[in-house]
Amino acid sequence: MNDSRSLTSPSASPSQRQHRDDPVRRKGADGDAVDTAVPPLHEQTDGLGLPGHAPAVSPRPEPGSLEAVAAQGHRWLRFPSALERQFNADTLQQRRKFLTLCAIVGILGIWAGAWWAEASLPNIAGLARQLVTIYLGIATTSLVVLLLTPRRWQRMWQSESAIFANAFGLNLVIVWACMASGVDTAYTQSGAVIAPVMFACIAARLRFIWALACALLTLVVYVVCMHGQTPLQQLVVAGNIKLQLLSFAFALVANYTLEYAERRNWVLRKLQEKHRAVLHDTSEQLRRLSVRDALTGLYNRRQFDADLAAAWHQCAAAGQPLALLMLDVDHFKLYNDAYGHPAGDACLTRVGQALARVAQAHGGMAARLGGEEFALVLPRQAESGSRVVAEALCAAVRQEAIEHRASSVAGHVTVSVGVALAWPGQGGRTQALLSTADRALYLAKAQGRDRVAILESLLASSEKVVAEQAMASGDAVLTSEADVKESPETPYLQTLEGGFAGLRFPPQLERRYRKHNMEDRRKLLGINVLIGMLIYNLFVLLSRDMFPDVSHRVLVMQGALSVFLFAAALPIYARKRLAPNLYESVFCVGSSMVAVISAWMLSQSQETSTLAYCVALVLVPMFSGVGARQPFWFTCVPAVITVVVALALFKPVGEVQSLVFSQSAFQIVNTTLYTLILAYTLDYGARKAWLLAQVDRLQGEALHEATERLHRLSVQDPLTGLPNRRQFEADLLRLWRESARERQPVGLLIVDVDFFKLYNDGYGHPEGDRCLQRLAGVLREVAERHQALVARLGGEEFSLMLPGADAARMLAVGQAVGQAVREAGIAHRHSRVAGHVTVSIGAGSLMPLRAADRHQLLKVADQALYRAKTTGRDRVAAAGEPPAHGLATLPPRPAAATGA
């Protein structure tokens, strides 16, 4: 089936294509046009916009792009300026709402805890009450201002700075009030400066720069301003400074992690959106490329087969008739000879447009089958309706008034239409319908052309209704949403959309999540056992003055517990491939043991300073949730145990100890609550990041697969499975450049099937398709033996390219091709050469000089093919590299040598 124009761009004007193609046209002995010139596409792409070849390795991402940020990270918590503006714009409203809610919660918390301030500062209780009232008024005013700020004036720094000012301002009030009071309980109360910083870092999740400023300024102000007047006060201040150092370090690490994760998730979401858009565009391009004819824009043979099968099934199910119209442009070969191939392209385009209009008006599906042959599928149309549509089609083409002086029918372009009718519900196959339509078409042509002939398809009722495969190559075309299988990323997207507030995925995803970083978790937890015990023992050692009456026992017990836990954990964390939950459980149990034993040992002390020091117990769950990054539910165990044992074991004596312990208990509960909020946020963020990463990975793979499939379809001929004209151009450009560097010639064969038009007329187009498929297999075998590149240029024309081959070598390869085709023995009783299919071959070889000269090789081979056809066919004519401006040629085989 002649399809030599199916890769010509429909957007190019005839004059542009004339300049680009410059075809060499000759007239063969049978009157058929001989056109084997390949359009010299100066920058031929592969269908994806990549010159010459594709899809190769992804290029290095542009600096400042999402891909670059995702690959390189953002450890300074700052994107390139353009992305930073987009990030702030995308998160502004959500951040404002969140920070406003945090401000309200913070104000309510301060109001609820104000009575502790009065009880801890008995000598300035009235002043303390006034300070708290003033502070709450200022904080509430700032909140109202934020809420009333018009949207166009809203900026990210406004909410961040308001929370920072409120947190740091509260700490200034606490430090000043404690200095002004001077009593012991005021100094124990001064440890409360940890709470606003924890709130800003973990609950409000201020941007790291603001959180860092709040923590550092609080620490500096506390160290500079707080000086104890008594040994107890000095001891409490020193203990508070150590606790602040550790607490602020954990809080800042957590804050950094949270912001990093937020930014990372934003990048992944943006990449996901970008990949989705690219994937959608690629899929659309894939669909267009795989189902649309490049010249006319109509559906191609691949989609035609799929739609015909679908229409057959629909009509069979509904008990309705189905009509198939096949049409052929009358005397199109003569049109090409008279007007040239660019004009022929324009003619086919206008015929296709007329067909599309008729199809749209009558609810049909129009397609170009190849060359000058088209088809129209009409569901639910019987003989009368299909005749009306066919006559309308002939009339539409006449109305185009495309001049055709070479036609023996009329002075303008006309079409012949064959109509096949069938009732799919009575059984049969679409192949029978195609054959009937083909016979009807030739009946219309035999009756004088420019007319309609109708035949009814003969159906065997015993046959089952079967679906025709869209393509023998297996590249099925999706025709409906029902054909689309669930994509691999669907479970991840569904989990993201449905949420996982309980921090639990569906079972299969949960197992994957647990296993994806199991080895990293094993190493991290093993290291944290060692580091955690060292830090905690060092902190206890440095703080032993806070519990002098039990310091020796605490240190001994703490040391013994550390050795035991390390000895118990080492064999477990040294072993690989254990259950992921086992690693987490061991660390969880160890942390809980540390909390229980530490609280029990400290509760034996009678010192008031010990009651202030017991706040340090919160370091245990804090290290579990922040340092070891344990999942939320594993962090809950030591956190809850720490609070319970602290409240249960410590027994204050007297009013002062009760007040100190109530302050410590409040800080323990408050800090533990922040720790759990942090652990939940980190666990949720880690799970969300994993889901986004999986979606990004799977969509990237899908994009790559779609791109590969797009490339495969764009460079593969759908009928024969050989590389097509597009791939031929790309390979020619690549071989030409490589051979120019290596200073070796490039050889080319152009193969044309002799009298193939007569073959189609005599046997029908379906048999013509099968003939081309058999020939493609023969050419593929010869190409593999000689390490050549084979392609189908269009219609009945093929090519073989061989780097490093001179004219003599190409002549030998061409003779091997001709002999292989003869030996295939494909019957052709309508041939004027022999009783079987034969080919004429033009051979050429040139030494590459510059990129544009590769088109000279096409002209050389085309001229050689013309000589082969005009001197008897079934032979090879070869041309060598032209000396000066001429062509050195080998004489063609004599007519007596033509294969029988």
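Cut-offs used in this document
- Residues numbered from 1 in each chain as written.
- Predicted model: local features only at pLDDT ≥ 70, side-chain atom pairs only at ≥ 80, totals over all residues.
- Heavy atoms only, no water.
- pLDDT = per-residue confidence, 0-100.
- Contact = heavy atoms within 4.5 Å.
- Axes fitted to C-alpha atoms, helices over the stretch in contact; angles between N-to-C directions.
- Helix = DSSP H or I, 4+ residues; strand = E, 2+ residues; numbered from the N terminus.
- Parallel < 35°, antiparallel > 145°, perpendicular 65-115°, else oblique.
- Nonpolar A, V, L, I, M, F, W, Y, C, P; charged D, E, K, R; others polar.
- Salt bridge = Lys/Arg side-chain N within 4 Å of Asp/Glu carboxyl O.
- Buried < 20%, exposed > 50% of the residue type's maximum accessible area, 1.4 Å probe, protein only.
- Phe/Tyr/Trp six-rings, centres within 6.5 Å; stacked < 30°, edge-to-face > 60°.
- Lys NZ or Arg CZ within 6 Å of the ring centre and 35° of its normal.
- Polar contact = N/O pair within 3.5 Å; in protein donor to acceptor, adjacent residues only side chain to side chain.

*Asks:* Any details on the confidence of the model for the protein? Residues and values, ideally.
*Replies:* Looking at the protein, the pLDDT average stands at 81 and 85% of residues meet or exceed 70. Here residues 1-58 is modelled with pLDDT under 50, and outside its nearest four sequence neighbours on either side it reaches 168 contacts, counting other chains as well.

*Asks:* I'd like a description of the packing of helix α5 (residues 125-148) against helix α6 (residues 156-181), backed by residues and values.
*Replies:* Contact geometry for α5 and α6: axes closest at 11 Å, N-to-C directions at 175°. The pairing of α5 with α6 is recorded here as roughly antiparallel in orientation. Within the contact between the two elements, α5 uses L127, L131, Y135, A139, S142 and L146 and α6 uses Q158, S159, A162, N166, A167, G169, L170, V173 and W176. Looking at the contact of α5 with α6 residue by residue, the classes come out as 10 nonpolar, five polar and no charged.

*Asks:* Break down the pattern of salt bridges for me, citing the residues and quoting the values.
*Replies:* Scanning all chains against the criterion turns up 32 salt bridges. Ionic pairing is found between D683 and R687, a salt bridge with its closest N-O pair at 3.3 Å. Of this pair, D683 and R687 both sit in helix α24 (residues 654-715), four residues apart, which is roughly one turn of that helix. Looking at D683, the relative accessible area reads 6%, which means it is buried. On the basis of relative accessibility, which here comes to 1%, the residue R687 falls in the buried class. Each of R504, E510, R514, D683 and R687 takes part in one network of salt bridges that share partners.

*Asks:* Pulling in residues and values, what's your account of the packing of aromatic side chains?
*Replies:* Summed over the entire model, instances satisfying the criterion amount to 27 aromatic pairs. Pairing F164 with W210 gives two aromatic rings, centres 5.5 Å apart and planes at 55°, and the pair type is tilted. Placement of the pair is F164 in helix α6 and W210 in helix α9 (residues 208-225), with a sequence separation of 46 residues. Among the residues examined, F164 registers a relative accessible area of 15% and is labelled buried. One aromatic cluster is present, formed by Y492, F500, F505, Y513, F632, W633, Y680, Y684 and W690 through successive ring pairs. Cation over ring: R873 sits above F755, and NZ or CZ is 4.4 Å from the ring centre.

*Asks:* Mind laying out the side chain of D754, listing which residues take part and the relevant values?
*Replies:* The residue D754 is located in the loop between β8 (746-753) and α26 (756-763) in this model. Classification of D754 as buried rests on a relative accessible area of 0%. A distance of 2.7 Å separates a polar atom in the side chain of D754 from a polar atom in the side chain of T838. Ignoring sequence-local partners within four residues, the contact set of D754 consists of H828, T838, V839, S840, R873 and D874.

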